[in-house]
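Understanding the architecture of this molecule
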Amino acid sequence: MTMRAIFVDAGEALGAVMRRLRRDTDMDVTVNVQPDVTPDQLPALVAGHDIVIIDHTALPTAIARQIPSLKHVVFLGTGARSYMNPEELKAECGIEVHIIKGYGDTAVAEMAFTLMWVAAKGIARMDRGMRAGQWLRTDGVELTGKTVGLLGYGGIAAEMARLCRGAGMKVIAWNRSPKTAEGVEFVELDRLLAESDVLSIHLLLNDETRGFLSAEKLAKLKPSALLVNTARGAVVDEAAMVAALREGRLAHAALDVFDIEPLPPGHVLTTVENVTLSAHSAFRTPEASDNLIEASLNHCRRIAAEGK
């Protein structure tokens, strides 16, 4: 029996990439270019398909039970747990969840590197001021010779380390399991927090890392420290971070990810001056998109070859 896949929330851009990279020998992939799909729309959309490719749509287990054809989920990234419960889907529905690693390591690291420099030089604040008619000169920070601390060390952090070393920075890191890397000194967590001039977050979000950067840990940072987060918003205690920024216990936060996305109008982070915001776009490059969709198709090809 021929297997079928559906990309439920492609949007025009990723939909075009899927149509370009799919081979004639691949299984049929239905591309839904509507980017915003609610969970209750999924049973009708996915009916008759064996595989669902998901970018950012929630798949509650109760909804998955209503889709008897569904056997596999290919999630476009590593943060599937933000949108579904993989263990429940497997145990209760027999649905395997497949994730994609590494597709945007360079893209995300380049964004983290960029946010670090934008924060250090006060560019976002000056830009806002000049658009409002103010000549808002800001003293910047020289990063050459400074210490960047990497909280978590996977593929993105390795790329960030490469970029920072090239910029003449000292690179230290902490990881939950032991690792080694050329030019990177792995240290205990307390030392990482105390010594980092820039703390860049590279932790996956799971039950152990949710709220990991707590008020207690934030208090161990230098008041002059810059915080960069391109991982997941929920890794940081957002309220504690806002308090530290407002009270001068943290110099700046440069954020690509948030507890709630999209960031609602009037959100507290939009009212804090020493914050730089980007719209969860670190991974959005043509190169990363091609890597991502090709990897999703490779999952589909493997599943088809295994025939289950």
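Report on the accompanying structure. (Residues numbered from 1 in each chain as written. Predicted model: local features only at pLDDT ≥ 70, side-chain atom pairs only at ≥ 80, totals over all residues. Heavy atoms only, no water.)

Here we look at the overall build of the protein chain
- Counting its regular elements, the protein chain contains 11 helices and 12 strands.
- For 308 residues, the compact-globule estimate of 2.2 N^0.38 gives 19 Å, and the C-alpha radius of gyration of the protein chain, at 21 Å, lies within 12% of that figure.
- Taking the principal axes of the C-alpha coordinates as reference, the protein chain spans close to 65 × 45 × 35 Å.
- Accessible surface computed for the protein chain: about 14700 Å², of which carbon and sulfur atoms make up 52%.
- Considering the protein chain, the positive charge centre built from 33 side chains and the negative charge centre built from 39 side chains are found 2 Å apart. (Helix = DSSP H or I, 4+ residues; strand = E, 2+ residues; numbered from the N terminus. Rg over C-alpha atoms; globule rule 2.2 N^0.38 Å. Areas by Shrake-Rupley, 256 points an atom, 1.4 Å probe, with all protein chains shown as cover. Lys, Arg positive; Asp, Glu negative; His and termini not counted. Charge placed at Lys NZ, Arg CZ, Asp CG, Glu CD.)

Brief notes about the pattern of salt bridges
- For the structure on display, the rule yields 19 salt bridges.
- Ionic pairing is found between glutamate 247 and arginine 249, a salt bridge with its closest N-O pair at 2.8 Å.
- Among the ionic contacts, a cluster of salt bridges with common partners joins Arg23, Asp26, Glu294 and Arg301. (Salt bridge = Lys/Arg side-chain N within 4 Å of Asp/Glu carboxyl O.)

Some words on the layout of surface pockets
- The computed volume of the second largest pocket comes to approximately 150 Å³.
- Together, Ala119, Ala120, Gly122, Arg125, Thr138, Asp139, Val141, Leu226, Ala251, His252, Glu273 and Asn274 line the second largest pocket.
- Split into classes, the residues belonging to the lining of the second largest pocket amount to 5 nonpolar, 4 polar and 3 charged. (1 Å grid on protein atoms, 1.4 Å probe; cavity = no way out; pocket = protein on both sides within 12 Å on 5 of 7 lines; lining within 4 Å. Points joined across faces, edges and corners; volume = space filled by probe spheres on them. Nonpolar A, V, L, I, M, F, W, Y, C, P; charged D, E, K, R; others polar.)

Section: empty space enclosed by the protein
- For the structure on display, the rule yields 1 cavity of 30 Å³ or more.
- Here the largest cavity is characterised by a volume of approximately 50 Å³.
- Considering the residues around the largest cavity, the lining is formed by Asn229, Gly233, Val236, Glu238, Met241, Leu255, Val257, Phe258, Asp259 and Leu269.

Here we look at the pairing of strand S1 (residues 4-7)
- For S1 and strand S2 (residues 28-31), the ladder comprises 4 bridges, and the chain directions are parallel. Bridged to phenylalanine 7 within S2 is valine 31.
- Regarding topology, helix H1 (residues 11-21) serves as the crossover connection from S1 to the parallel S2, and that connection is right-handed.
- The sheet contact formed by S1 and strand S3 (residues 51-54) spans 3 bridges and is parallel. (Pairing = 2+ DSSP bridges. Right-handed = clockwise from strand over helix to strand, strands pointing away.)

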